[in-house]
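Each chain, letter by letter, is given below.
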Amino acid sequence: MDKLVIRGGRQLSGSINASGSKNSSLPIIAATLLAGKGSFTLHNIPDLRDITTFTQLLNHLGSETTFSDNTLIVSSRNVQSLQAPYELVKKMRASIYVLGPLLARFGHARVSLPGGCAFGPRPIDLHLMAMEKLGATITIETGFIDASIKGGKLQGAHIDFPVSSVGATGNALMAAVLAEGKTTISNAAAEPEIETLCRFLTAMGATIRGTGTTELEIDGKESLNAIEFQNVFDRIEAGTLLAAAAITGGEITINGVEPEQMKAVLKKFIHAGCTVTTTSNSITLKSPDKLLPTDVTAKPYPSFPTDMQAQWIALMTQAEGTSHIIDKVYHERFNHIPELNRLGAHIEIRKNQAIVHGPQHLSGTKVMSTDLRASASLVLAGLVAQGTTEVLRVYHLDRGYEKIEMKLKSLGADIRREKYNEF
Ligand code: EPZ
């Protein structure tokens, strides 16, 4: 198993390129299942554990994939299995993304129910509701979702999501593009990852109106084509790297980004006293001498993203005062807090609110990752903690951050990856 060993106290400086988005790569790769001929060339796909897991799942279904130098070539013309097994689905909840495209193209799909998650329940009822609205019959037996369509084709329908769901919106879109007739989706997720999926499906030949908004209209098509596509940048990785500059009192520039997609996060950095300047494809952040306490409420896009909540809490341990952080998306996404407190932070949890008292002097020690963004917050804390911090079980981090220690080291951090054995 790997750990990251960090000696805190270095100010980060320099420039770095953002990686491709993990959370737009996954639905895009799933959408390749919709094309019965040709092969896709997908650029700017990050080299991550989750991408490896997802391509393993597609290979299991019969797709052919080759990945090199951040380009993924996929052909799903020879798909012959319609079952996503537990062994792969349990590694990554986003495996549920194969449900919509398999159902739309083949009229049948069997997907293992995803396992639990470190930060609370993550139901899939909205995914199943959308498939049923489009005419699928869903049964759940022996831990599997079995979805089928009598009569062979999904039928366009109106889908009204009571809760904004990125995954369920993605599945509904990938089903509706091959359904007969028109589908409308209300209260669709408008995250950049869904906007990117809409652009991808449109380039494949789908007709989608309302891209980038919460009201989508799709005219179903007989078939769609394989294409070449440039994936969007990872706004959460970019936000995490900016937080690394802010927490260490440094100044960095991130290239290959679209600042427009990070407005809510950049606004909070400015409120915390950082100087933020942008161009069309870069962001420069300069940390202030003293960080100001800044409250955050994580909500669906375009609000502050839940995937930046843990990183923000780490940053606020260094602010001159008390900050209040609420997560309206995942009320229990606070596993990072006990570990941050072991580093010397003073953070209280009251219901779905974290109260961060700062500034707190942090002292390095061993800390345990529990989920992807929690482990990112521990790395951020380690960058500023006195002495050495060891972040264990970094396989969580490797799910969503491409070569994170190389990027941080290139910006001046004292960080290295080491093997270790857990007794
Ligand atoms: C996506 O997960 C992201 N993952 C998550 O990022 C992100 O935290 C989340 O969206 C919210 O932005 C990927 O894109 C692979 P949701 P997803 O459906 O689609 C409730 C990371 O760190 N809900 O938008 O699973 C749900 O409980 C990961 O990269 C239902 O009630 O999230 C939550 O409260 C972690 N029923 C809310 O909706 C459903 O059927 C938003 O969840 C589905 C969701």
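Going by the structure above, here's the rest.
A brief look at the structure comes next. Values in this document were obtained by computation on a predicted structure and should not be read as measured data.

## Some words on helix α4 (residues 99–106)
A large share of α4 lies buried, amounting to six of its eight residues. What α4 keeps buried is the set Leu99, Gly100, Pro101, Leu102, Leu103 and Ala104. Buried residues belonging to α4 abut α1 (22–31), α2 (49–61), β7 (108–112), α5 (125–133), β9 (144–148) and α6 (166–176). Of the residues flanking the end of α4, it is Gly107, one or two places downstream, whose phi is positive at about 80°.

## Thoughts on the packing of α1 against helix α7 (residues 192–203)
Relative to each other, α1 and α7 sit at 30°, their axes nearing to 9 Å. As the angle between them shows, α1 and α7 are arranged roughly parallel. In this structure, α1 meets α7 at a crossing whose hand is right-handed. Here Asn23, Ser24, Pro27, Ile28 and Ala31 of α1 come into contact with α7, specifically with Glu193, Thr196, Leu197, Phe200 and Leu201. Here the residues of the contact of α1 with α7 sort into six nonpolar, three polar and one charged.

## Some details on the sheet that holds strand β6 (residues 83–84)
In spatial order, the strands read β6-β7-β9-β8; together these four strands make up an open sheet with mixed pairing. The open sheet has two edge strands, β6 and β8 (137–141), and neither has a second partner. Bridging between β6 and β7 involves two bridges; their strand directions are parallel. By the bridge assignment for β7, Gln83 is matched with Arg110. The strands touched by α4 are β7 and β9; relative to β7, the strand with the most contacts, the crossing angle is about 160°.

## Side note on the site of the ligand
Near the ligand you find 24 residues, and of these Asp125, Leu126, Ser165, Asp307 and Val329 are the closest. One of the side-chain N or O atoms of Ser165 is found 2.7 Å from an oxygen atom in the ligand. Taking Arg373, its side chain carries an N or O atom lying 2.8 Å from an oxygen atom of the ligand. When the ligand is considered free in solution it has 820 Å² of accessible area, and contact with the protein chains removes 86% of it.

## Some points on the sheet that holds strand β24 (residues 414–419)
Judged by pairing direction, the sheet is mixed, and its four strands sit side by side in the order β22-β23-β1-β24 without closing on themselves. Looking at the sheet topology across the chains shown, the edges are occupied by β22 (366–368) and β24. Pairs of neighbouring strands in the sheet enclose a mean axial angle of 25°, with direction left out of account.

## A word on the packing of aromatic side chains
This model, assessed by the stated rule, comprises four aromatic pairs. Summarising the aromatic geometry, the rings of Phe269 and Trp312 are spaced 5.2 Å apart at their centres and angled 65° between planes, so their arrangement reads as edge-to-face. Of this pair, Phe269 sits in helix α9 (residues 263–271) while Trp312 sits in helix α10 (residues 309–316); the two residues are 43 residues apart in sequence, bridging distant segments of the chain. As far as burial versus exposure is concerned, Phe269 and Trp312 are alike and both buried. Between Phe304 and Trp312 the ring centres are 5.7 Å apart and the planes differ by 75°, which places this aromatic pair in the edge-to-face class. Positioned above the aromatic ring of Phe144 is the side chain of Arg110, whose terminal nitrogen or guanidinium carbon lies 4.7 Å from the ring centre.

## Regarding the side chain of Thr169
With respect to the element layout, Thr169 can be found in helix α6. Classification of Thr169 as buried rests on a relative accessible area of 0%. Not counting the four nearest positions on each side in its chain, Thr169 is found in contact with Phe161, Ala188, Ala189, Ile194 and Leu216.

Cut-offs applied
- Residues numbered from 1 in each chain as written.
- Predicted model: local features only at pLDDT ≥ 70, side-chain atom pairs only at ≥ 80, totals over all residues.
- Heavy atoms only, no water.
- Buried < 20%, exposed > 50% of the residue type's maximum accessible area, 1.4 Å probe, protein only.
- Helix = DSSP H or I, 4+ residues; strand = E, 2+ residues; numbered from the N terminus.
- Contact = heavy atoms within 4.5 Å.
- Axes fitted to C-alpha atoms, helices over the stretch in contact; angles between N-to-C directions.
- Parallel < 35°, antiparallel > 145°, perpendicular 65-115°, else oblique.
- Left-handed = near helix turned anticlockwise from the far one by under 90°.
- Nonpolar A, V, L, I, M, F, W, Y, C, P; charged D, E, K, R; others polar.
- Pairing = 2+ DSSP bridges.
- Near = heavy atom within 4 Å.
- Polar contact = N/O pair within 3.5 Å; in protein donor to acceptor, adjacent residues only side chain to side chain.
- Areas by Shrake-Rupley, 256 points an atom, 1.4 Å probe, with all protein chains shown as cover.
- Phe/Tyr/Trp six-rings, centres within 6.5 Å; stacked < 30°, edge-to-face > 60°.
- Lys NZ or Arg CZ within 6 Å of the ring centre and 35° of its normal.

So far we have only geometry, and geometry alone does not tell us how the molecule works.
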